Structures are given as C-alpha cells and as structure tokens.
Amino acid sequence: MNTLIFDTDDKLGEAAANILSGLVQTKPRAVLGLATGGTPVGIYNQVVSDFKRGMFSFREVTTFNLDEYVGLPVDHPESYHSYMRHHLFDHIDLPAAQAYLPDGNASDIAAECRRYDELIDRAGQIDLQLLGLGHNGHIGFNEPAHALIRGTHVVELAEETLQANARYFQSLDEVPKQALTMGVGTILKAKMIVLVVKGADKAAIVQSALQGPITTDCPASLLQTHPHLIVLLDRAAAEKLGGTSP
Ligand code: GLP
C-alpha cells in the first residue's frame, strides 16, 4: 500500500487525476473503474482540463462505474448516470457505447447483474479502479455485512448511507433504498486501486480500513490485501493514521 497525504484538495485532485490521465496516455485502450460521490468531483474536473489541453483521448477507453441506485430514472439529476455525464462524460471524447453503468431500472435485476459482470469480464481486467469511502467503510455500495458478495448485486442501503446521501435529495425519504453495485471481488481484481478520501469525518473509518483488522464489517479493509493499492488522503482524513509516512 502506498499512502500519500496532501495539504489541499487541489493537490489531492491533481495527484489522482495524474494517475488516471497518465494511464490513459500510456494505455489508450485502458479499462477504467469509476466512482461517484463528492470526493471524485475535483479529480474529474482535473481530468477534463487535461483532456481539453489535448493531452490524450478517451476514444478507445472503456469505463465501468461502480454502482447505481435502483429505481431512480437515469435522467434524474442525482442518478449516477447523470452525475457521470455532468462531471465527465459530456466533456470528453469517450464513446457512449464504451461507458457502462449498471441499469438500476432493469426489469430483471438478477439478469442485469449477470450482464454487467459479463461485460466487465469481456473487457478484460480493470486497469485502474477509482474508489471513494463511505462513513461505514463501504466501497461502491458494498455495505458492512456478514459476508461480502463477489460480483454485481443488489444492496439494501445502510441507514448511515441513506443519511449521508440525503444531502443530494430534497428529503431522506427520496433517497432510493436500494442500489446495484459491483462486488468486492470484482473491485479487488482490478490491476491498480486508487482510494481517495477527504475530511475529518472520515478519519476514523480511514484508520479502521487501512490499519484495522481485515473484516467484512468494514468492506474497505479488504483493500489491504490488494497488491497495488494507492491511497490519497487529505490531512484531515489522515489524522488518525499512526506510522504511515506521507
Ligand atoms: C456513495 C458511493 C460511493 C462513495 C461514497 C462516499 O454512497 N456509492 O461510491 O465512495 O458513498 O461518497 P462521498 O465521496 O460523497 O463521501
């Protein structure tokens, strides 16, 4: 595990974007695993500005998003389909047919999960998986559980997750209660994982995830087993880490 700690959001976003942009420059047919949430916004802004400077093209890139709400129309402003269009896809030359997200409105959810896993398998290994971290240690929407599921599956969102995501909706009641998420097995199969976490409110879970026991009660702790994990933190998120050099 390689942990880097940054003084400003801009520097953190730039570092994460450099990893992503650098990969696309050196591997034009890269397969990227993408994340949503507040944390990656600055990273995508930086990637878009690198792209606009003509540094590289996404024409041959394929992307797979981690997750999507169940039952939220794709054009709802808070769907992850909308998020990705707004923050990244509308500003780069990635062909729409190569940008995959799970379909949370599929009539047969089990078939949709199988379809998504098959698409990922067919694309080969994910070269770089970008990840944020939930307050309860979730990655994607893999919530703490007795057992974690390997492939794409439907999840009942934890109360803590509903509360955290309520800020994006008019009220807590409007937050979808279920989501489709890539499984932890698929996430761990990525060649490289870049975990990005910001804020003092995540300091305790960062410490548990990176230095605590490896347990399904904290899905992100399984990342400790990954051979190529890069962790990018701001000072506040890193404040409870002992013995990790910047
Ligand atoms: C969301 C997403 C995760 C994200 C996490 C943290 O619910 N499903 O992929 O990493 O919660 O989000 P944020 O970066 O807004 O704190």
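My aim in this report is to walk through the structure given alongside it, one point at a time. (Residues numbered from 1 in each chain as written. Predicted model: local features only at pLDDT ≥ 70, side-chain atom pairs only at ≥ 80, totals over all residues. Heavy atoms only, no water.)

Quick look at the overall build of the chain now. Each helix and strand in the chain was counted, giving 7 helices and 10 strands. When the backbone C-alpha atoms are referred to their principal axes, the chain occupies close to 45 × 45 × 35 Å. Considering only intrachain contacts with a sequence separation of at least 6, the fraction spanning at least 24 residues in the chain is 78%. As displayed, the chain offers around 10,800 Å² of accessible surface, 51% of which is attributable to carbon and sulfur atoms. Put simply, the chain has 19 plus and 29 minus side-chain charges, and the middle of one group is 7 Å from the middle of the other. (Helix = DSSP H or I, 4+ residues; strand = E, 2+ residues; numbered from the N terminus. Contact = heavy atoms within 4.5 Å. Areas by Shrake-Rupley, 256 points an atom, 1.4 Å probe, with all protein chains shown as cover. Lys, Arg positive; Asp, Glu negative; His and termini not counted. Charge placed at Lys NZ, Arg CZ, Asp CG, Glu CD.)

Considering all chains together, one arrives at 7 salt bridges under this definition. Measuring nitrogen to oxygen at the nearest pair gives 2.7 Å for the salt bridge that ties Arg235 to Asp7. With Arg235 in the segment after β10 (229-234) and Asp7 in the loop between β1 (2-6) and α1 (9-26), this pair connects stretches of sequence that are 228 residues apart. Take Asp7: its relative accessible area is 55%, and that puts it in the exposed class. One connected set of salt bridges, linked through shared partners, spans Lys27, Asp127 and Lys191. (Salt bridge = Lys/Arg side-chain N within 4 Å of Asp/Glu carboxyl O. Buried < 20%, exposed > 50% of the residue type's maximum accessible area, 1.4 Å probe, protein only.)

Neither face of strand β6 (residues 128-131) is left uncovered, since the one carrying Leu128 and Leu130 and the one carrying Gln129 and Leu131 both have all their residues buried. For strand β2 (residues 31-34) and β6, the ladder comprises 2 bridges, and the chain directions are parallel. Following the sheet pairing, Leu32 is matched in β6 by Leu128. The pairing of β6 with strand β9 (residues 192-197) spans 4 bridges and is parallel. (Pairing = 2+ DSSP bridges.)

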